[in-house]
Structure formats: C-alpha cells, structure tokens
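Residue-level structural notes
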Amino acid sequence: MAGSENGRSADAERPRAREAGGGILMGRLFGVPVYVAPSWFLVAALITWFFGNQLGRVLPELGTGRYLVSLFFAVAFYASVLVHELAHTVAALRFGLPVRRIRLQFFGGVSEIEKESETAGREFVLAFVGPLLSLVLAGVFYAGMRVVAAGTVPGVLLAGLMISNLIVAVFNLLPGLPLDGGRMLRAVIWKLSGNAMTGTVAAAWVGRVLAVAVLIGFPLATHTSGLTDRSSLTGVDSLTDGLLAAILAAIIWTGAGNSLRMARLRERLPSLRARALTRRAVPVAGDTPLSEALRRANDSGARALVVVAGDGSPRAIVRETAIAQVPEHRRPWVAVGTLAQELTEGMRVPADLTGEQLLEHLRATPATEYLVIEEGGEIYGVLSAVDVERAFVNAMAKHSGPPAGSS
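Here we summarise the structure given alongside this text. (Residues numbered from 1 in each chain as written. Predicted model: local features only at pLDDT ≥ 70, side-chain atom pairs only at ≥ 80, totals over all residues. Heavy atoms only, no water.)

Topic: the sheet that holds strand S6 (residues 281-284)
Judged by pairing direction, the sheet is mixed, and its four strands sit side by side in the order S6-S7-S8-S9 without closing on themselves. The outermost strands of the open sheet, each flanked by one partner alone, are S6 and strand S9 (340-342). Adjacent strand axes in the sheet meet at a mean angle of 35°, parallel and antiparallel pairs treated alike. For strand S8 (residues 314-318) and S9, the ladder comprises three bridges, and the chain directions are antiparallel. Along S9, the bridge assignment pairs Ile317 with Gln341. (Pairing = 2+ DSSP bridges. Helix = DSSP H or I, 4+ residues; strand = E, 2+ residues; numbered from the N terminus. Axes fitted to C-alpha atoms, helices over the stretch in contact; angles between N-to-C directions.)

What follows is the structure in structure tokens.
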C-alpha cells in the first residue's frame, strides 16, 4: 500500500521526536532521505517465492533461475512504489511542505509530510499525484508488453509490473483514509463544508468501513473471480487469503483511526502556548554561587535561572538536570555558569508562538530548556521541554471523546 502522510503519528508531533528506528538509509532524493524498513525484506522474499512459483508454471524451462527473475520483479515493483512516493514528495515540496522522509515498508511505502496542506485543492492534488504516477507506470509497462514477445521473461515481467502498478493505483484510489483516495475524499468534503475536520471524520469512517469490506470481501473475491485456481484450492490457500485480508484490513483500520486521532489533536494544539507554559526566570551572573541563585529564585517565586552578561543580555540557561545533580552541601561552591548551556539562536523562542509553530520551532533545535523572549528582546522566562511534553500528552489524552462541534 503506497501513500502519503501528514503528521503520521503522535511521536512525529512531539517537540523532540526521534527518527523512527529500524530503517536502512538508502540515500536521498530531492534532499529527502529514503529508508527501507526491515519488513520490506520479508515482503520481498514472499513476492520472490510466490511469483517464482507462478513463473514455474508459465516458463518451466527457467528451472530454479525463476527465483532470480522473481527477485528482480520484487525489486522493480518496489522501485515503482518509490516513484509513487516521489510523486507525493515532489508535489509537497512544490507546495512548500517539508517532507521528513520516504519509507519503503510492508505493503508499500509512505511519504512522511510534516505539515498539513493549506487548502483543500492542494490536499487533493497532493493525494492524487501518487495514484496518477502508478497509472502512468502501468501504461508504460503495457506499452512495453506490446513490443516484446509474450511468454518470454521480459514479457512476463512487464505484464506483472503492469498489473501490480494498476493494483497499487486502484487500491490507493479507494475513498477512505489513510489511502490516497481517502485524502482526496477528505479534500472534497473539506472544500464543500469549509471545515477540514469534517472531511477528516467522514474519510476516516469510510476508511473503517473499507477495512471491514476488505476483511470480508477479499477472500470471497479471490475464490469467486477466478484469481485463484479453484482446482488446486487447499486449506493453505484459504488461510493465506484470510491472513492477507486481515493484514490489509488492520493497516487500513489503524491508519484511519490515526488520521482521526491526529486531526483531533491538531484542533487542540493551539492550547500549547509558549507564554502559558513558560517558567518565571531569575537573571544571574555566571559566577553567582548556585545556592545564592536558588535563594533568589525562591524569594521571587521563579523556577528557572538565566545567566546574563554585565549589560543584562542573556548568555545561557542553567540546566535543571544539572542543578539536581549537585549535592546541597556543594551548592555554595559551584558557580551557576558551570551548569549552564550556552544559548544558540534556535534556543530563543518568541513568547507568542503557539501550537504547531511552537512544536516546529522546538523540533528544529532539540534542547532541554529554551529562553522565551518578548518581541523587543526582553527575557520573558524559560520554557522546559518537559513542560511542553506534559502539555502535549495532556492534549492527546483529551481525545478520548470527540471535541465540540465534531461528528
């Protein structure tokens, strides 16, 4: 299953999110890293085995060499999936949307786009270009079939790639999240209703209906449409069809739920305000003893320390974890400057940042504390990444029920 993602997981929204592990970096295309998940190797092996068995019936003269041809087919198929994902990526970059990475994985790939489209029209285009490229590839492979002899290795490979790209295109055009067709449906409802959340809710529930339909309908379709050789049906065949249907249904159901959950979270992100989460800070000179600095902070009700130069300009933030590691009896002999982290430009956070803008700023410069400043450059206080994380988790916990006004 190929497709694109907007803010795919809650972890992707966290201020100091990690790159998901388990992937092998294959290179960069258009400046975007391309990863291959370990699950790809399992699927590639399965494709090699099943397609190789089919080749044994069509081209028995290949012998065991059919599995080498089948492996080539598996790699070529995922190269087609990569082209599908590149279509999403290029469109996103053209619209000014950052792409975190492309990942080839179990049942296809995904382009992880870090921001939502600004308009319904852009959302529709962004979703449609993937299936469109898969349809174009299917046409190219079909044209190739017309110029090579049928029943040959090139002919069989081109036929398989034509059919597989056609399946990818048609499957992704199904109108339910997280598929591209679901994003297109979301864009249409967004345009008609004027509300992106309304489109997301509708497309997510259609996605869940699709998941149930795949779970029930896929095994029935393979047994009644002639896609499976009825004369050779066994319990293993039925079990394989059922397992494949269950995996596809689970992917669609989970993706639809995640899309709905993230959309509801985004509605609550404006509650993350730098000004509201900032701790009051006390400015101190770098040679001030830690015990004296903490006394001043306690007297003024502050919870953070900022090291300033002689002219009062901020230079560093005293790290909370570093303070905790200094035993109380040593604090009169430890200067706060030795516990401070020098300020970089990214550690200066405008006090008026909220929601996704705030999270994007923190993601760009991972740190434990940030200096919050007013528009004129005055110190407002210190923002702890721990406080932002806690507020983020609280916002997530609130979507156990739908927000007011959603359906």
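Comments concerning the side chain of Ser80
Residue position: Ser80 is located in helix H3 (residues 66-94). Taking relative accessible area as the criterion, Ser80 reaches 5% and is therefore assigned buried. Once you skip the residues sitting within four places of it in the chain, Ser80 turns out to touch Leu137, Phe141 and Asn165. (Buried < 20%, exposed > 50% of the residue type's maximum accessible area, 1.4 Å probe, protein only. Contact = heavy atoms within 4.5 Å.)

With respect to the packing of H3 against helix H4 (residues 120-147)
Two elements in contact, H3 and H4, have axes separated by 8 Å at closest approach and are oriented at 145°. Judged by the twist between their axes, the crossing of H3 over H4 is right-handed. Facing Ser80, Val83, His84, Ala87, His88, Ala91 and Ala92 of H3, the residues of H4 in contact are Leu126, Ala127, Val129, Gly130, Pro131, Leu133, Ser134, Leu137 and Phe141. For the contact of H3 with H4, a count of residues per class yields eleven nonpolar, five polar and no charged. (Left-handed = near helix turned anticlockwise from the far one by under 90°. Nonpolar A, V, L, I, M, F, W, Y, C, P; charged D, E, K, R; others polar.)

Thoughts on helix H2 (residues 38-58)
Its 21 residues give H2 an end-to-end C-alpha distance of 31 Å, which sits within 8% of 30 Å, the value for a rise of 1.5 Å per residue. Buried residues of H2: Trp40, Val43, Ala44, Ile47, Thr48, Phe51, Gly52 and Leu55, and no others. What you see down the axis of H2 is that its buried residues fit within an arc of 165°, all on one side. At its buried positions, H2 is contacted by strand S3 (32-36), H3, strand S4 (99-105) and helix H5 (153-172). (Expected span 1.5 Å × (residues − 1). Arc of directions from axis to C-beta.)

Here's the deal with the nonpolar core
Ile47, Phe77 and Tyr78 are the most contacted members of the largest nonpolar core, which has 38 residues in total. Within the residue set of this core, elements represented by two or more residues are S3, H2, H3, S4, H4 and H5. Counting residues per element, this core draws most heavily on H3, at twelve residues. Setting aside chain neighbours within four positions, we find Phe77 in contact with Ile47, Leu161, Ser164 and Val168. Listed in part, the 31 residues of the second largest apolar core include Met262, Leu265, Ala274 and Val308. (Core = buried A, V, L, I, M, F, W, Y, C linked by side-chain atoms within 4.5 Å.)

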